[in-house]
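Residues per chain, in single letters:
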Amino acid sequence: MTAPSSERAALRSQRLNQVTHAPHTELDALVKSHKPFDSRESFARFVVAQYLFQSELQALYTDPNLIAIVPDLAERCRAEQARLDLADLDTEVPAPFGGALGNPSLGEALGWIFVSEGSKLGAAFLIKRAVALELSETFGARHLGEPAGGRAEGWKQFTRILDSLELSPEEDAAAERGAVAAFERFTELLKHAYAADAALA
């Protein structure tokens, strides 16, 4: 998973992008295969996965130790927006799915949050497609909405903090493992969400 030291990027955020390239590409292909923007019903399954992922990360977004590092972390969580989207889409809030993250180290937690925060950049493209389903930042696609202060600025602020942290090599390795695990977990949740839908059909 880890690039050779001679090729490793200087910034932590860039290294995390490097090590997650493969699982990110796999997840993108899986999302496209389920065609979430073909219908509201399909989009609702996508939101189920988003809700499960964000609700699993709520404990990190409200962790005092992490808020000490990223002061606006609690406001960045999108679990509540995803829950409201499910209500808009007449979809029940799903039960927790086994295998959620539990008690990660600081490094692992930062890797998971890196993936969650980074997904807000991609959401800029997804919300445009949701509009075709008559959904918006105030109805059905709230979790894809633009964060206060803007997507780009929010991401820059987060990565500036992440890149400036003094972490040990072990913590850096844990962050990389956490980021890869976050992509793998969302992939698992997406498969679960659409499998549940197929079982109901």
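As annotated in an unreviewed UniProt entry, the protein chain carries the name Biliverdin-producing heme oxygenase and comes from Pseudomonas xantholysinigenes.

A. Broad picture of the overall build of the protein chain. Looking only at helices and strands, the protein chain features nine helices and zero strands. Secondary structure of the protein chain in N-to-C order comes out as α-α-α-α-α-α-α-α-α. Expected size for 201 residues packed as a compact globule is a radius of gyration near 17 Å; at 17 Å, the protein chain falls within 12% of this value. Dimensions of the protein chain along its principal axes, counting C-alpha atoms only, are 50 × 30 × 30 Å. For the protein chain, with 201 residues in total, the buried portion stands at 44%. Restricting the contact set of the protein chain to residue pairs at least 6 apart, pairs at least 24 apart contribute 80%. In the form shown here, the protein chain has an accessible surface area of approximately 10200 Å², with 54% of it arising from carbon and sulfur atoms. With 20 positive and 29 negative side-chain charges, the protein chain shows a spacing of 4 Å between the two charge centroids.

B. Spotlight on the pattern of salt bridges. Applying the stated criterion across every chain, the model contains 11 salt bridges. In this structure, the salt-bridge partner of Glu153 is Arg160, at a minimum N-O distance of 3.2 Å. Classification of Glu153 as partly exposed rests on a relative accessible area of 32%. Across the pair Arg185 and Glu188 runs a salt bridge, and its minimum N-O distance is 2.9 Å.

C. Highlighting the environment of Ala9. The residue Ala9 is located in the segment before helix H1 (12-19) in this model. Apart from residues lying up to four places away in sequence, Ala9 is in contact with Gln14, Arg15 and Gln18.

D. Quick look at helix H2 (residues 21-34). Taking 1.5 Å of rise per residue, 14 residues should cover 20 Å, and H2 covers 20 Å from first to last C-alpha, within 8% of that figure. Looking at H2, one finds that the buried residues are Pro23, Leu27, Leu30 and Val31. In an axial view of H2, the angular spread of the buried residues amounts to 100°, which keeps them on one side of the axis. The exposed set on the far side of H2, more than 90 degrees from its buried face, consists of His21, Ala22 and Lys32. Looking at the residues trailing H2, positive phi occurs at Lys35, about 45°.

E. The arrangement of the packing of aromatic side chains in detail. Throughout the structure, instances matching the rule amount to six aromatic pairs. Between Phe114 and Trp155 the ring centres are 5.3 Å apart and the planes differ by 50°, which places this aromatic pair in the tilted class. Here the residue Phe114 occupies a position in helix H7 (residues 106-130), and Trp155 occupies one in helix H8 (residues 151-164), the gap between them amounting to 41 residues. Put simply, the rings of Phe37, Phe43 and Phe46 touch in pairs and so form one group of aromatic residues.

F. Molecular detail of the environment of Glu188. In this fold, Glu188 is placed in helix H9 (residues 169-200). The sequence separation of Glu188 and Gly99 amounts to 89 residues, and the corresponding C-alpha distance is 9.7 Å.

G. Expanded view of the side chain of His143. Position of His143 relative to the elements: it lies in the loop between H7 and H8. Overall, His143 belongs to the buried group, its relative accessible area being 2%. Excluding anything up to four places from it in sequence, His143 contacts Phe43, Phe46, Val47, Gln50, Arg78, Gln81, Ala82 and Asp85.

Criteria and cut-off values
- Residues numbered from 1 in each chain as written.
- Predicted model: local features only at pLDDT ≥ 70, side-chain atom pairs only at ≥ 80, totals over all residues.
- Heavy atoms only, no water.
- Helix = DSSP H or I, 4+ residues; strand = E, 2+ residues; numbered from the N terminus.
- Rg over C-alpha atoms; globule rule 2.2 N^0.38 Å.
- Buried < 20%, exposed > 50% of the residue type's maximum accessible area, 1.4 Å probe, protein only.
- Contact = heavy atoms within 4.5 Å.
- Areas by Shrake-Rupley, 256 points an atom, 1.4 Å probe, with all protein chains shown as cover.
- Lys, Arg positive; Asp, Glu negative; His and termini not counted.
- Charge placed at Lys NZ, Arg CZ, Asp CG, Glu CD.
- Salt bridge = Lys/Arg side-chain N within 4 Å of Asp/Glu carboxyl O.
- Expected span 1.5 Å × (residues − 1).
- Arc of directions from axis to C-beta.
- Phe/Tyr/Trp six-rings, centres within 6.5 Å; stacked < 30°, edge-to-face > 60°.

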